[in-house]
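These are the residues of each chain, in order.
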Amino acid sequence: MYLDRNGNEVPPPMKNIVECNKELESKYVVRLILNEGWRKRVIAEEEFDDSPNENQIKWCLSQYRQASFAVIEKIYRFKIDEEELPFH
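The text that follows walks through the structure, step by step, so that each part is easy to find. The model shown is predicted, which means the values in this text are computed figures rather than measured ones.

What about a nonpolar patch on the surface?
In step 1: There is a patch of nonpolar side chains on the surface, built from Leu24, Tyr76 and Phe78 and spanning about 350 Å² of accessible area.
In step 2: Among the secondary structure elements, Tyr76 is positioned in strand β5 (residues 69-78).

Listed below in structure tokens is the structure:
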């Protein structure tokens, strides 16, 4: 399947397209942020398969006590097959 920048399937002869046959997987990341005034800095990340509940967020904040707050984001990456890994 060929995709353009807008995510639409296009025929092969068009410009600025990429071939993509991989599947996406999604994860949730809790990013723990240190508030340094005007500057915010990520000091840790914890990944979860499902949306983290309130107790999991509390756990993250208690593990990294210097964090001022936590941000939850859903991230996407290509699913990696075992055969694609450079080692077994």
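More follows now that the structure is in view.
Things to note about the side chain of Glu46
In step 1: In this structure, Glu46 sits in strand β4 (residues 39-48).
In step 2: Excluding residues within four positions of it along the chain, Glu46 makes contact with Tyr28, Val29, Val30, Trp59, Cys60 and Tyr64.

A short note on the pairing of strand β3 (residues 24-36)
In step 1: Direction of pairing for β3 relative to β5: antiparallel, over a ladder of 10 bridges. Note on β5: the bridge partner recorded for Val29 is Glu73.
In step 2: Strand direction decides the pairing type here: β3 and β4, joined by nine bridges, are antiparallel. In the strand pairing of β4, Glu36 is matched with Arg39.
In step 3: From the end of β3 to the start of β4, which pair antiparallel, there are two residues, and Gly37 there has a positive phi angle of about 80 degrees.

Description of the sheet that holds β3
In step 1: Spatially, three strands are ordered β4-β3-β5 in an open sheet, and the strand pairing comes out antiparallel. Among the strands making up the open sheet, the edge pair consists of β4 and β5. Taken pair by pair, the neighbouring strands of this sheet meet at an average axis angle of 30 degrees, ignoring direction.

Some details on the pattern of salt bridges
In step 1: According to the stated counting rule, one finds eight salt bridges in the structure shown.
In step 2: We note a salt bridge from Lys27 to Asp49, for which the minimum N-O separation is 2.7 Å. In this pair, Lys27 sits in strand β3 while Asp49 sits in the loop between β4 and α1 (54-63), placing the two residues 22 residues apart along the sequence.
In step 3: Since its relative accessible area comes to 18%, Lys27 is described here as buried.
In step 4: With relative accessibility at 57%, the residue Asp49 sits in the exposed group.
In step 5: Salt-bridge contacts for Arg31 lead to Glu45; the nearest nitrogen and oxygen are separated by 2.5 Å. Of this pair, Arg31 sits in strand β3 while Glu45 is found in strand β4, placing the two residues 14 residues apart along the sequence.

Thresholds, definitions, all that
- Residues numbered from 1 in each chain as written.
- Predicted model: local features only at pLDDT ≥ 70, side-chain atom pairs only at ≥ 80, totals over all residues.
- Heavy atoms only, no water.
- Patch = residues over 30% accessible without salt bridge, like charges linked within 9 Å, V, L, I, M, F, W, Y side chains within 5 Å.
- Areas by Shrake-Rupley, 256 points an atom, 1.4 Å probe, with all protein chains shown as cover.
- Salt bridge = Lys/Arg side-chain N within 4 Å of Asp/Glu carboxyl O.
- Helix = DSSP H or I, 4+ residues; strand = E, 2+ residues; numbered from the N terminus.
- Contact = heavy atoms within 4.5 Å.
- Pairing = 2+ DSSP bridges.
- Axes fitted to C-alpha atoms, helices over the stretch in contact; angles between N-to-C directions.
- Buried < 20%, exposed > 50% of the residue type's maximum accessible area, 1.4 Å probe, protein only.

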